[in-house]
Amino acid sequence: SKSDPLCVLLLNSSGNQWFEIGRTEKIKNCLNPKFSQKFLVDYYFEVVQKLKFGIYDIDNKTVDLGDDDFLGEFDCTLGQIVASKNLTKPLVLKNGRPAGKGSITILAEEVKDNRVVQFEAQGRKLDKKDFFGKSDPYLEFHKQLDGGRWQMVHRTEVIKKNLNPVWRPFTIPLQSLCNGDLEKPIRVECYDYDNDGSHDLIGIFDTTMSKLQQASRSSPMEYECINEKKKKKKKSYKNSGIVSVKHCEITKEYSFLDYIMGGCQMNFVVGIDFTGSNGDPRSPDSLHYISPNGVNEYLTAIWSVGCVIQDYDSDKMFPAFGFGAQIPPTGQVSHQFPINFNPSNPLCSGIQGIIDAYRNCLPQVTLYGPTNFSPIIHHVAQFASAATQQKTASQYFVLLIITDGVITDLDQTRQAIVNAAKLPMSIIIIGVGAADFSAMEFLDSDNGALRSPTGEAAIRDIVQFVPFRQFAQAPKEALAQSVLAEVPQQVVSYFSTFKLKPPNDPAAK
């Protein structure tokens, strides 16, 4: 008879430990099985998540796969699957040889509802609650839980002393508002704000998303705010005012995975500091000294960050530049030279290609100075600027600068970063050695927007700085996790600010 195949999925996130995530159903007598069982895997951009898909012919009822026939396997990373969205590869045996003509196809999708509801609302003739003046109204939106209780999901701002308030436009995730069910009851409560926390209820109305969606600016959905206490007391009571919804639209907020799965390419560029403060590369106390086991802090930083990013770059060709050195043949100082010494093609093949070019470059340059960042930032910004000509979220650039010291052109670098914040790029700075990195902390600007010398604020935070010494004793994955954790949010903030959609928008399919 034909095989009775099953697929098992194993995950390895560090070291050589493989953990079983799950198994598909067994399909009887089939050489071309389509498995319906899905695997749910938590996704982390900043971690290399290794996966192994094993196919077995199940001949018995035991859980142990050791006594079943092994038909082949496929190893990859979750990043590779996400970047290609639909991956077909040959199956191999344990010794790496082809498993006959067998192949595996893996499809990925993100499990989440990222629709949001955009609202515009205003009040009219709301009840006056304050003894001396008008009310200070605000709205609260509640969704109904399974037991019939109500849970608040959004509160608008307070409009002071106004019985005809117009609230600022606001958004609420559709999942939060009604679990994605357009017929689920929604309760809106209107209150008068009091400083002492004893907010007075003006009135309540119930509705559904399907009703709210009928609102338009020319024909708003109008709701009477009813206060049950007042209604019981007053026979002539009509309402406590009107809330008018002028706009209610469901839109989609793209996630990082939407952009990657929709065809956005991540471009990785490396900048390496060859200034004299690193010390003579031939001396064991130099930061550029390559130890007998073939590493130094520069190489470790390139490896750990590059190994994560490379899965998202389809051609795996990476530009790598040096700065602050005298370069052959004339010995002139350069702040942006290709480390492969090929100005017409500074690309290195894979992360290994960057490593090889770096090793080859070291003996040929003379470490010099000063430590200028702005030339290399401008260089990458030119490519990022060219990418903006395509009116979709097609390219994003990540510049990794590895440096040992105090920055010389701080003002020019501030200006370059403020300009780059308007482009699809992020900058990661890894500080090696024991220098004073306070200027780098300043560029990271986690405590407020970075400003250019003229006072212009960066429209988003694109710089992430970490000192390598914090990770000297940590597992090698820890450095990449720290510097790359903010990148997905930076990608989303850029593309959403400029309202750019993925080149092949998954939502449009």
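Residues numbered from 1 in each chain as written. Predicted model: local features only at pLDDT ≥ 70, side-chain atom pairs only at ≥ 80, totals over all residues. Heavy atoms only, no water.

## Details of the domain arrangement of the protein chain
Taken domain by domain, the protein chain holds domain 1 (5–107), domain 2 (115–252) and domain 3 (268–498). The straight-line distance from the C-alpha centre of domain 2 to that of domain 3 is 50 Å. (Domains from an automatic or database assignment.)

## Structural notes on helix 12 (residues 487–497)
Side chains of residues three or four places apart in an α-helix project in the same direction, reflecting 3.6 residues per turn. Those residues of helix 12 lying buried are V487, P488, Q490, V491, S493, Y494 and F495. Buried residues belonging to helix 12 abut helix 5 (256–261), strand 15 (265–273), strand 22 (395–403), strand 23 (425–431), strand 24 (463–467) and helix 11 (476–484). Among the residues trailing helix 12, K499 stands out with phi positive, at a value near 55°. (Buried < 20%, exposed > 50% of the residue type's maximum accessible area, 1.4 Å probe, protein only. Helix = DSSP H or I, 4+ residues; strand = E, 2+ residues; numbered from the N terminus. Contact = heavy atoms within 4.5 Å.)

## Here we look at the packing of aromatic side chains
In total, this model carries 21 aromatic pairs according to the counting rule given. Judged by centre distance (5.6 Å) and plane angle (20°), the rings of Y138 and Y191 are stacked. Of this pair, Y138 sits in strand 8 (residues 137–144) while Y191 is found in strand 11 (residues 185–192), placing the two residues 53 residues apart along the sequence. Residue Y138 shares its accessibility class with Y191, and that shared class is buried. Ring centres of F274 and F337 lie 5.7 Å apart, and the angle between their planes is 35°; on these two criteria the pair is classed as tilted. (Phe/Tyr/Trp six-rings, centres within 6.5 Å; stacked < 30°, edge-to-face > 60°.)

## Thoughts on the pairing of strand 5 (residues 86–92)
Sheet topology places strand 5 next to strand 6 (residues 98–107); 6 bridges connect them, and they run antiparallel. Along strand 6, the bridge assignment pairs N86 with L107. Hairpin remark: strand 5 followed by strand 6, antiparallel, with 5 residues in the connecting loop; positive phi at G96, about 90°. (Pairing = 2+ DSSP bridges.)

## Some words on the environment of E110
Within the secondary structure, E110 sits in the loop between strand 6 and strand 7 (115–124). Separated by 68 residues in sequence, E110 and D42 have C-alpha atoms that sit 10.0 Å apart. Apart from the residues within four sequence positions on either side, E110 is in contact with S255, L257, D258 and M261.

## With respect to the side chain of N114
Tracing the chain through its elements places N114 in the loop between strand 6 and strand 7. On the basis of relative accessibility, which here comes to 12%, the residue N114 falls in the buried class. Of the polar contacts made by the side chain of N114, one reaches the side chain of D258; its length is 2.7 Å. Residues in contact with N114, not counting those within four places in the same chain, are T251, K252, E253, Y254, S255 and D258. (Polar contact = N/O pair within 3.5 Å; in protein donor to acceptor, adjacent residues only side chain to side chain.)

## What to know about the sheet that holds strand 8
On the basis of which strands lie adjacent, the open sheet formed by 4 strands has the order 9-8-11-12 and antiparallel pairing. Bordering the open sheet on either side are strand 9 (150–155) and strand 12 (200–208), each of which pairs with just one other strand. Direction aside, neighbouring strands of the sheet carry axes that sit 30° apart on average. Where strand 8 and strand 9 come together, 5 bridges link them in antiparallel fashion. Note that in strand 9 the partner of H142 across the bridge is M152. (Axes fitted to C-alpha atoms, helices over the stretch in contact; angles between N-to-C directions.)

## Describing the layout of surface pockets
Of the voids in this model, the largest pocket is the one considered here, and its volume is about 1400 Å³. Lining the largest pocket are 41 residues, and of these F39, F53, T105, I106 and L107 sit closest to its centre. Among the elements of the structure, strand 1 (5–12), strand 3 (50–57), helix 1 (78–84), strand 6 and helix 5 are those that each provide at least two residues to the lining of the largest pocket. At 7 residues, strand 6 tops the list of elements feeding residues into the lining of the largest pocket. Residue composition of the lining of the largest pocket, grouped by class: 27 nonpolar, 8 polar and 6 charged. (1 Å grid on protein atoms, 1.4 Å probe; cavity = no way out; pocket = protein on both sides within 12 Å on 5 of 7 lines; lining within 4 Å. Points joined across faces, edges and corners; volume = space filled by probe spheres on them. Nonpolar A, V, L, I, M, F, W, Y, C, P; charged D, E, K, R; others polar.)

## Here's the deal with helix 7 (residues 350–361)
Taking 1.5 Å of rise per residue, 12 residues should cover 16 Å, and helix 7 covers 17 Å from first to last C-alpha, within 8% of that figure. On its buried face, helix 7 is in contact with strand 15, helix 6 (297–309), strand 16 (317–323), strand 19 (337–338) and strand 20 (347–349). (Expected span 1.5 Å × (residues − 1).)

## So, unusual backbone geometry
The omega torsion of the bond from P328 to P329 falls at 0°, within 30 degrees of zero and hence cis. With respect to the helices and strands, the residue P329 is situated in the loop between strand 17 (325–327) and strand 18 (332–334). A cis amide bond links G369 to the next residue, P370, at an omega of -10°. Among the structural elements, P370 can be located in the loop between strand 21 (366–367) and helix 8 (374–387). Non-glycine residue N29 carries a positive phi angle of around 45°. By relative accessible area, which is 45% here, N29 ends up partly exposed. In the Ramachandran plot, K316 falls in the positive-phi region, its phi being about 55° despite a non-glycine side chain.

## A few points about empty space enclosed by the protein
Following the criterion strictly, the structure yields 2 cavities of 30 Å³ or more and no others. The calculated volume of the largest cavity comes to roughly 40 Å³. In this structure, the largest cavity is lined by F45, V47, V48, Q49, T77, L78, G79, V308, D311 and Y312. Along the lines of polarity and charge, the residues of the lining of the largest cavity split into 6 nonpolar, 3 polar and 1 charged. Size it by volume and the second largest cavity reaches roughly 30 Å³. Taken together, A387, T388, Q390, T392, S394, Q395, P424, Y494, F495 and L500 make up the full set of residues lining the second largest cavity. Of the residues in the lining of the second largest cavity, the class split is 5 nonpolar, 5 polar and no charged.

## Things to note about the packing of helix 6 against helix 11
Packed helices, taken two at a time, are described by the angle between their axes plus the distance between the axes. Where helix 6 meets helix 11, the closest approach of the two axes is 9 Å, and the angle between their N-to-C directions is 65°. You can see that helix 6 and helix 11 cross each other, and the crossing is right-handed. Packed against helix 6, whose contacting residues are A301, S304, V305, V308 and I309, the element helix 11 presents K476, L479, A480, V483 and L484 at the interface. For the contact of helix 6 with helix 11, the residue count by class is 8 nonpolar, 1 polar and 1 charged. (Left-handed = near helix turned anticlockwise from the far one by under 90°.)

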